[in-house]
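Observations on the model geometry
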Amino acid sequence: STRIRVGRNLDGFGLSPGITKQQRIDVEKLMSNALSKLSGDLAGKYYPLAGMDETVRQQLVDDHFLFVSGDRNLTVAGMERDWPEGRGIFHNKDKTFLTWVNEEDQLRIISMQSGGDVRAVFDRLARGIKAVGDSVKAESGKDFMLDAKYGYVHSCPTNLGTGMRASVHVDLPGYTKEGLKTLEARCEELHLQPRGTRGESGGQTGVTYDISNKHRLGYSEVQLVQKMIDGVNTLYTEDKVLKKKHGL
């Protein structure tokens, strides 16, 4: 599967470590209205976390869409105050375009689908970011937080710049046999970041890895996606050689 996301925050509201309860509620209200105006393949429904129906909650969990509380880093940074109030998830009918509201950033805009058509995922993301930005502007007159030098402003400094993480899930049995340290070192050379398929803090299971671009700052979105594509193709080719070596 392929997934590309960006973070965005809105001018005039605090970032999640310092945002007030009222600001968070105001962001949610603004986003709920703005997202309801999306059209075409981006059109969908907003689901607030507070008071969420159990069947809806379970469906979102099954789809791997739901973000949950309890991340230590977010908790100590004060990002989970007043949980779950003011948080929610929007997704389109096809479940290929999502927006998380008031998680680590005020907005996480996500495009995803099964398979390896990175171009389609990137195209939908670009259209989605523009549509969300235009709708927010029409609704409130506000823009995304943008700094001339550091790019899009995020709660976490590692996301400064594009705020974009493009990832694919790929099976690397050869590298798994070689060991995680070898894979991590190779990814470092290719400017990639390997994770387990359970996300940032979920650990690794089996031979499937989530491989993404390492950088956010100093490169354009197109360059970062291209780095990820080229790097994953390189890893896959090398893994075939390693599979032979290990008799897989």
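Our subject is the structure that appears above.
Now for a quick tour of the structure. (Residues numbered from 1 in each chain as written. Predicted model: local features only at pLDDT ≥ 70, side-chain atom pairs only at ≥ 80, totals over all residues. Heavy atoms only, no water.)

1. So, the pattern of salt bridges
Filter applied, for reference: We count a salt bridge whenever a side-chain nitrogen from Lys or Arg sits within 4 Å of a carboxyl oxygen from Asp or Glu. Secondary structure elements follow DSSP: runs of H or I no shorter than four residues count as helices, runs of E no shorter than two count as strands, and numbering proceeds from the N terminus. Burial status follows relative accessibility: with a 1.4 Å probe on protein chains alone, a residue under 20% of its type maximum counts as buried, one over 50% as exposed, and anything between as partly exposed.
Scanning all chains against the criterion turns up 16 salt bridges. With its nearest N and O atoms 2.3 Å apart, the salt bridge here joins Asp210 to Arg165. Separated by 45 residues along the polypeptide, Asp210 in strand β10 (residues 208–213) and Arg165 in strand β8 (residues 164–171) bring together distant segments of the chain. Overall, the relative accessible area of 8% leaves Asp210 in the buried class.

2. Some thoughts on empty space enclosed by the protein
To keep it simple, the criterion reads: Both cavities and pockets are sets of points on a 1 Å grid over the protein atoms alone; in a cavity a 1.4 Å probe fits but cannot get out, in a pocket the set is open with protein on both sides within 12 Å along at least five of seven lines, and lining residues sit with an atom within 4 Å of a point. Grid points are joined across faces, edges and corners, and a volume is the space filled by probe spheres set on the points. Charged means Asp, Glu, Lys or Arg here, nonpolar means Ala, Val, Leu, Ile, Met, Phe, Trp, Tyr, Cys or Pro, and polar covers whatever is left, Gly included.
Using the criterion set out here, one finds one cavity of 30 Å³ or more in the structure. Considering only enclosed or pocket space, the largest cavity measures out at about 50 Å³ in volume. What lines the largest cavity is Ser16, Ile19, Arg24, Met79, Arg87, Asn102, Glu103, Asp105 and Gln106. Its residues assigned to classes, the lining of the largest cavity comprises two nonpolar, three polar and four charged.

3. Considering the packing of helix α1 (residues 21–36) against helix α4 (residues 118–140)
Applied cut-off: Axis lines are fitted to C-alpha atoms, over the contacting stretch for helices. Their N-to-C directions set the angle, which ranges from 0 to 180 degrees. Oblique is the label for any angle not under 35 degrees, not over 145, and not in the 65 to 115 range, which are roughly parallel, roughly antiparallel and roughly perpendicular in turn. Two helices that cross are described as forming a left-handed crossing if the nearer one is turned anticlockwise from the farther one by less than a right angle, and a right-handed crossing if clockwise. Only heavy atoms matter for contacts: two residues are in contact if any of them lie within 4.5 Å across the pair.
Running from N to C, α1 and α4 cross one another at 120°; their axes reach a closest spacing of 9 Å. With respect to their mutual orientation, α1 and α4 come out oblique. Crossing of α1 against α4: the hand is right-handed. Judged by residue contacts, Leu30, Met31, Asn33, Ala34 and Leu35 of α1 engage Val132, Ser135, Val136, Glu139 and Ser140 from α4. In terms of residue class, the contact of α1 with α4 is built from six nonpolar, three polar and one charged.

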